[in-house]
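Structure assessment
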Amino acid sequence: MSKYVIETRNLTKQYGAQKSVARLNIHVQKGRIYGLLGRNGAGKTTTMKMLLGLTQPTSGEVAIWGKPLAANEKKLLPRIGSLIESPGFYPNLTATENLRIFATLRGVPNRNAIKNALDLVGLPYKDRKLFSQYSLGMKQRLAIALAIMHDPELLILDEPINGLDPIGIAEVRSFIRNLCNERGKTILISSHILSEIALLADDIGIIDHGTLLEEESLEELETKSSKHIRFTVSDTAQAARILERSFHENQFTIQDDHNMRLHNLNISIGKIVTAFVENGLEVSQAATSEESLEDYFKRVTGGEGIA
Ligand SMILES: Nc1ncnc2c1ncn2[C@@H]1O[C@H](COP(=O)(O)OP(=O)(O)OP(=O)(O)O)[C@@H](O)[C@H]1O
Ligand SMILES: [Mg+2]
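Numbers given to residues run from 1 along each chain, matching the order in which its sequence is written. Working convention: letters from A go to chains and numbers from 1 go to ligands, in the order in which they are written. For a predicted model such as this one, the threshold for reporting local features is a pLDDT of at least 70, and the threshold for listing and counting side-chain atom pairs is 80 or more; totals across whole chains, interfaces and linings nevertheless cover every residue. Only hydrogens and water are removed before side-chain values are computed, so all heavy atoms of the structure are retained for them.

1. Here we look at the pattern of salt bridges
In the sections that follow, a salt bridge refers to a side-chain nitrogen of Lys or Arg positioned within 4 Å of a carboxyl oxygen of Asp or Glu. One pass over the full model with this rule turns up 13 salt bridges. Asp203 is the salt-bridge partner of Arg32, the closest N and O atoms lying 2.7 Å from each other. One end of the pair, Arg32, is in the loop between β3 (27-28) and β4 (33-37); the other, Asp203, is in strand β10 (residues 203-208), and 171 residues separate them in sequence. Glu153 is the salt-bridge partner of Arg79, the closest N and O atoms lying 2.9 Å from each other. With Arg79 in the loop between α2 (69-76) and β7 (80-83) and Glu153 in the loop between α5 (136-148) and β8 (154-158), this pair connects stretches of sequence that are 74 residues apart. Helix and strand assignments come from DSSP, with helices taken as H or I runs of at least 4 residues and strands as E runs of at least 2, each series counted from the N terminus.

Written out as structure tokens, the structure reads:
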């Protein structure tokens, strides 16, 4: 029995001579958001299709809730909601009418399922607007509504924020977060945008040329990429004494006479600056450094980085 909701073992997909996914081992934990991060052509969609039985692996295995997908598709797939390619919505029907057709096809029992799903993604129920009149962002929301309509335990969403404007992205992010936090869903989401995954995911898998380069929790990643508070002061030796004496803090490194880094982010920057100033130090800079996460990704992916 696997403790993971999704586990792949050496999952591989070869098209012709090219391996689109190569010996991939990912581990998605229950009740968490897993972000699969990779640039265009990295193999995200191909991986997700194999997880959903939409394409067969060349070799390797997929286990979902500890069971091999290959032998249990009929049992496992109905418990998953997915957004892979734009679903075939009817252009001349409304959103509600479209969802009703899918609900009938899938035997969704809950009478309120359609309204609930539309509410969640922020689309009106029984609106008269036809699908063909929908904007890209509304179409994307409707596609997500379809994925969650049957209240699946596991969601697999391929680039769900594609085509959304910044406000739309923030809204989608917050309802995906809620699905996880409030309804206990397990969510696998892909993106080529580092900042997006960093904001949303609990765990991150970095895929490049079909290969998984790293897999870890965001927490581990932040420690590794050593997020810190940077101080520029008139005298770092004195600043160090103040940190030790007044804050009982020794998790810092001194770069030179004026620059130092504090690795404990739990202390208020304001309190430290106040203490420095009260002890006669000049403080010309005090800021949390965020750039190292991107530096870290650049290093992992071999320099090119991910947007
Ligand atoms: N049906 C197919 N036949 C041949 N090659 C394919 C097929 N599907 C995908 N590929 C190739 O596999 C590689 C991975 O493609 P995939 O769509 O999985 O990448 P992706 O990470 O989803 O990229 P994007 O961010 O652009 O969506 C690409 O080189 C692509 O050309
Ligand atoms: Mg893709």
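2. A look at the domain arrangement of the chain
Splitting the chain by domain gives domain 1 (6-217) and domain 2 (228-289). Boundary definitions for the domains trace back to an automatic or database domain assignment. If you average the C-alpha positions of domain 1 and of domain 2, the two centres end up 44 Å apart.

3. A word on the nonpolar core
Remark: nonpolar core denotes a set of buried residues (Ala, Val, Leu, Ile, Met, Phe, Trp, Tyr, Cys) joined through side-chain atoms within 4.5 Å. Exposure is judged per residue with a 1.4 Å probe applied to protein chains only, and the accessible area is read against the type maximum: over 50% gives exposed, under 20% gives buried, and values in between give partly exposed. Formed by 48 residues in total, the largest nonpolar core has its most connected members in Leu99, Leu142, Met149, Ile176 and Ile204. Examining the composition of this core, we find that seven residues originate from one element, α5, more than from any other. Contacts between residues were defined by any pair of non-hydrogen atoms, one from each residue, lying within 4.5 Å. The residues contacting Ile176, other than those within four sequence positions of it, are Ile33, Leu157, Pro160, Ile187, Ile189 and Leu200. Counting 26 residues, the second-largest nonpolar core is a separate cluster that includes Ala42, Met50, Trp65 and Leu212.

4. Some points on the environment of Val108
Relative to the helices and strands, Val108 resides in the loop between α3 (95-106) and α4 (113-121). Note on Val108: relative accessible area 15%, which makes it buried. Along the sequence, Val108 and Ile272 sit 164 residues apart, while their C-alpha atoms lie 57 Å from each other.

5. A word on helix α6 (residues 166-181)
One fewer than the residue count of a helix, multiplied by 1.5 Å, yields its expected span. Look at α6: 22 Å from first C-alpha to last across 16 residues, which is about the 22 Å you get at 1.5 Å a residue. Turning to α6, its buried residues number three or more, namely Gly168, Ile169, Val172, Phe175, Ile176, Leu179 and Cys180. Down the axis, α6 shows its buried residues gathered within 145° of arc, on one side only. In this structure, α6 carries Pro166, Ile167 and Asn181 as exposed residues pointing more than 90 degrees from its buried face. Structurally, α6 contributes buried residues whose contacts are with β4, α4, α5, β8, β9 (186-191) and α7 (194-200). Our arc is simply the arc of the directions from the helix axis toward the C-beta atoms.

6. Remarks on empty space enclosed by the protein
Whether a set of points on the 1 Å grid over the protein atoms alone is a cavity depends on a 1.4 Å probe fitting there but being unable to get out, while an open set qualifies as a pocket with protein on both sides within 12 Å along at least five of seven lines; lining residues are those with an atom within 4 Å of a point. Grid points are joined across faces, edges and corners, and a volume is the space filled by probe spheres set on the points. Counted according to the given criterion, the structure contains one cavity of 30 Å³ or more. Volume-wise, the largest cavity comes out at about 50 Å³. Lining of the largest cavity is provided by Pro160, Ile161, Ile189, Ser190, Ser191, Glu196, Ile197 and Leu200. Elements represented by at least two residues in the lining of the largest cavity include exactly β9 and α7.

7. Examining unusual backbone geometry
One non-glycine residue, Asn10, adopts positive backbone phi at about 50°. Locating Asn10 in the fold gives a position in strand β1 (residues 6-15). Judged by its relative accessible area of 32%, Asn10 falls in the partly exposed class. The residue Asp151 is not glycine, and still its phi comes out positive at about 55°. Among the secondary structure elements, Asp151 is positioned in the loop between α5 and β8.

8. A word on the packing of aromatic side chains
Here is the rule: rings of Phe, Tyr and Trp (six-membered ring for Trp) pair when centre to centre is within 6.5 Å. Planes less than 30 degrees apart are stacked, more than 60 are edge-to-face, and the remainder are tilted. If you walk through the whole model with that rule in mind, you get four aromatic pairs. Between the aromatic rings of Phe89 and Phe102, the centroid separation amounts to 5.7 Å while the plane-to-plane angle is 75°, which identifies the pairing as edge-to-face. Here the residue Phe89 occupies a position in the loop between β7 and α3, and Phe102 occupies one in helix α3, the gap between them amounting to 13 residues. Of the residues examined, Phe102 reaches a relative accessible area of 17% and is grouped as buried. Summarising the aromatic geometry, the rings of Phe89 and Phe131 are spaced 5.1 Å apart at their centres and angled 50° between planes, so their arrangement reads as tilted.

9. Points about α5
Its 13 residues give α5 an end-to-end C-alpha distance of 19 Å, which sits within 8% of 18 Å, the value for a rise of 1.5 Å per residue. Of all 13 residues that make up α5, 10 are buried, and the element is covered over most of its length. Burial in α5 covers these residues: Gly137, Gln140, Arg141, Leu142, Ala143, Ile144, Ala145, Leu146, Ala147 and Ile148.

10. Things to note about the environment of Asn259
Residue placement: Asn259 occurs in strand β14 (residues 259-262). What Asn259 contacts, discounting residues up to four positions off in sequence, is Phe231, Thr232, Thr236 and Ile254. Reaching out from Asn259, the side chain makes a polar contact with the side chain of Thr232 at a distance of 3.0 Å. Definition of a polar contact: a pair of N or O atoms within 3.5 Å, with one able to donate and the other able to accept a hydrogen when the atoms are protein atoms, and with sequence-neighbouring residues admitted only if both atoms are side-chain atoms.

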